[in-house]
Amino acid sequence: MAGLDLPVLIQVIWLVMLLLILTGLYQRIQLKLWILIIKTRLSIIKNVFEEDKLRVKNMLRIMGLEAPEFMLSRLLDFFIIEPVSIEPTDIIKRMDHILRVTENSVKQLTEKALPSVGKHERSLVESAVSIVASIGLIYRVLRHYVIQGEREENYIIVMQLMYLMPQILRTVKILHEALDAFMYGKPIGDGVGPLVAYMLAEKCNVVSKRVIDETSILEATYRNRRLIIVKAEGPGSNVGHPGAAVSRVVEELNGNVSLILTVDAALKLEGEETGLIAEGVGAAIGDPGPEKIAIERVAAKYNIPLRALVIKMDLREALTTMRKSIYQSCEAVIDRIEKIIEEFTPEGSTIVIAGIGNTMGIPG
Amino acid sequence: MNSGTEILLAVLLVAVILYLIYESYLKKKREESPRYVTREILVCLNCNYVIEKDFEPGDFIGLIKDTCPRCGGKMRIKGIYSV
């Protein structure tokens with residue numbers, strides 16, 4: 001029998017490929033390959049989740065909790081149900097209530113489990129657990145869609161998962177890196193707002209300080225003006241309630257405020273430099289709604305100019321330990337604040353400056 | 001098409017497939033994100049002498065710790081960041 005010719009072999013290969021395309025079998029082969037790749041990546045996410053769960057368990061054991069598994073499983077499976085949005089009346093009030101109840105519930109759980117641990121150390125535990133819970137949620141949702149896509153041979157679901165996988169993996173990696181900062185109380189990039197507020201307070205002559213609702217309100221004088229500096233109470237992992245605090249302060253002053261300025265971290269676009277400062281209008285605060293709307297409402301009620309300063313960074317830089325470039329940009333932000341104050345407010349006026357963000361590692 | 005050309009085409013096809021596999025899967029494993037270390041700046045409250053050292057758990061900005069190697073005064077953490 002004559003051996004197989006190369007041209008004949010190539011023709012057979014082309015014929016097989018044509019049959020696969022015409023019958024749609026290539027799609028099934030691709031589906032199987034994609035599921036295989038997605039499962040490999042899913043196992044990476046699972047390993048990250050297990051590793052971080054173990055780290056938090058060890059953290060809890062060091063803090064004095066002998067059997068952290070039960071407490072951890074309660075917190076990892078903790079869920080929040082969104083308020084009804086088809087009826088938007090008082091949705092902000094309902095959302096604020098749900099968020100506060102969530103906060104208090106988690107605080108009570110950790111306080112019961114770790115009664116001898118200080119408030120700030122407990123806040124680190126709460127934040128570390130929430131990071132692990134986020135990774136866990138990503139893993140469970142992905143696993144759900146993989147199993148569903150495989151069972152139903154749903155090409156579209158699997159294709160979307162395949163193309164979103166790099167972004168999801170990057171997010172999981174960022175959360176994994178962020179756990180280190182939250183376990184040891186290191187300032188993160190998102191803390192640039194509170195850090196600016198802290199540095200500004202150091203420069204001013206602070207007259208009084210009070211803490212309301214885990215938020216510090218400092219009154220100071222600076223360049224013949226009265227500054228009310230608002231930031232979350234540190235140095236634990238805390239974002240406070242700056243919106244409620246600003247609203248309260250402005251109401252106490254009957255609206256006699258010349259300017260409300262919010263300072264926060266913002267996600268940069270690809271190609272932009274980290275630490276870039278941008279000015280704008282509005283409330284620079286990234287909460288689900290209640291805090292932001294409180295600032296906007298009080299500014300609109302009394303016709304107070306609402307300005308914003310943001311420091312640009314990417315998600316990794318926002319959640320992990322603060323980069324040196326971001327730390328160094330704080331001085332430039334303070335210079336910009338001084339300029340805005342000089343340009344837009346007369347002497348003798350009152351200015352409210354809110355440093356928005358997680359104040360971990362930053363006291364005051 | 002003579003057999004030499006066919007073999008060349010087949011080799012070229014295999015090379016393209018191998019390159020695509022390399023670009024898609026193998027190359028990414030080599031791109032590692034840079035490792036960061038956390039450092040803190042301490043400033044002497046007396047003589048403003050500045051030192052930089054590694055972060056220690058429990059430290060936060062504003063904490064008074066260590067003594068100044070120059071004048072013996074108290075040092076305060078001015079900043080914590082990663083490099």
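Every chain is numbered independently, its residues counted from 1 as its sequence is written. To read the labels, note that chains go from A and ligands from 1, taken in the order they are written. The predicted nature of this model means local features are confined to residues of pLDDT at least 70 and side-chain atom pairs, given and counted, to a pLDDT of 80 or more, with totals for whole chains, interfaces and linings taken over all residues.

Here we look at the overall build of chain A
For the purposes of this entry, the term helix denotes a DSSP run of H or I that reaches at least four residues, the term strand denotes a run of E that reaches at least two, and both are numbered from the N terminus. Counting its regular elements, chain A contains 11 helices and 7 strands. In terms of overall dimensions, chain A is more spread out than a globule: its C-alpha atoms have a radius of gyration of 26 Å, far above the 21 Å expected for 364 residues. Along the first, second and third principal axes, the C-alpha set of chain A runs to 105 × 50 × 45 Å. Counting other C-beta atoms within 10 Å of its own, a residue is labelled buried from 20 upward, exposed at 12 or fewer, and partly exposed in the gap between, with every C-beta atom placed from the backbone. Expressed as a percentage of the 364 residues in chain A, the buried residues total 38%. Within chain A, contacts between residues at least 6 apart in sequence are counted, and of these 79% link residues at least 24 apart. The globule rule used for comparison is 2.2 Å times the number of residues to the exponent 0.38, while the radius of gyration itself is calculated over C-alpha atoms. By the convention adopted here, residues make contact when the C-beta atoms placed from their backbones lie within 7 Å.

So, the pairing of strand β4 (residues 259-267) of chain A
All names here are of chain A. Summarising burial for β4: 7 of the 9 residues are buried, a large majority. Between any two strands, pairing holds if DSSP finds at least two bridges. Pairing of β4 with strand β7 (residues 350-355) involves 5 bridges; the strand directions are parallel. Looking at β7, one finds that Leu259 is bridged to Ile351. Bridging between β4 and strand β6 (residues 306-313) involves 8 bridges; their strand directions are parallel. Following the sheet pairing, Ala265 is matched in β6 by Ile311.

Quick look at the environment of Glu52(B)
All names here are of chain B. Structurally, Glu52 is set in strand β2 (residues 50-54). On the basis of neighbour counts, which here come to 12 C-beta atoms within 10 Å, the residue Glu52 falls in the exposed class. Each C-alpha atom, one on Glu52 and one on Ile80, is 9.5 Å from the other, the two residues being 28 residues apart in sequence. Not counting residues up to four positions away in its chain, the partners in contact with Glu52 are Arg39 and Ile41.

Some details on unusual backbone geometry
Here the residue pair Gly234(A) and Pro235(A) is connected by a cis peptide bond, since its omega of 5° sits within 30 degrees of zero. Take Pro235(A): it is sitting in the loop between β3 (225-232) and α8 (242-252).

Considering the sheet that holds strand β1 (residues 38-44) of chain B
Residue and element names in this part refer to chain B. Ordered by their spatial adjacency, 4 strands build an open sheet running β2-β1-β4-β3, and the pairing between neighbours is antiparallel. Each of the sheet's edge strands pairs with one partner strand only, and the pair in question is β2 and β3 (64-67). With direction set aside, neighbouring strand axes in the sheet form an average angle of 40°. Simply put, an axis is a line fit to the C-alpha atoms, just over the touching stretch for a helix, and the angle between two N-to-C directions goes from 0 to 180 degrees.

Here we look at the sheet that holds β3(A)
Residues and elements named next belong to chain A. Read across the sheet, 7 strands follow the order β1-β2-β3-β7-β4-β6-β5 without closing on themselves; strand pairing throughout is mixed. Of all strands in the sheet, those with a lone pairing partner are β1 (205-212) and β5 (277-281), marking the two edges. Neighbour-to-neighbour, the strand axes of this sheet turn through a mean angle of 20°, independent of strand direction. Across 5 bridges, β5 lies against β6 in antiparallel orientation. Paired with Val281 across the strands is Arg307, a residue of β6. Strand contacts of helix α7 (residues 192-203): β1, β2 (215-222), β3, β4, β6 and β7, with the helix running at about 140° to β3, the strand carrying the most contacts.

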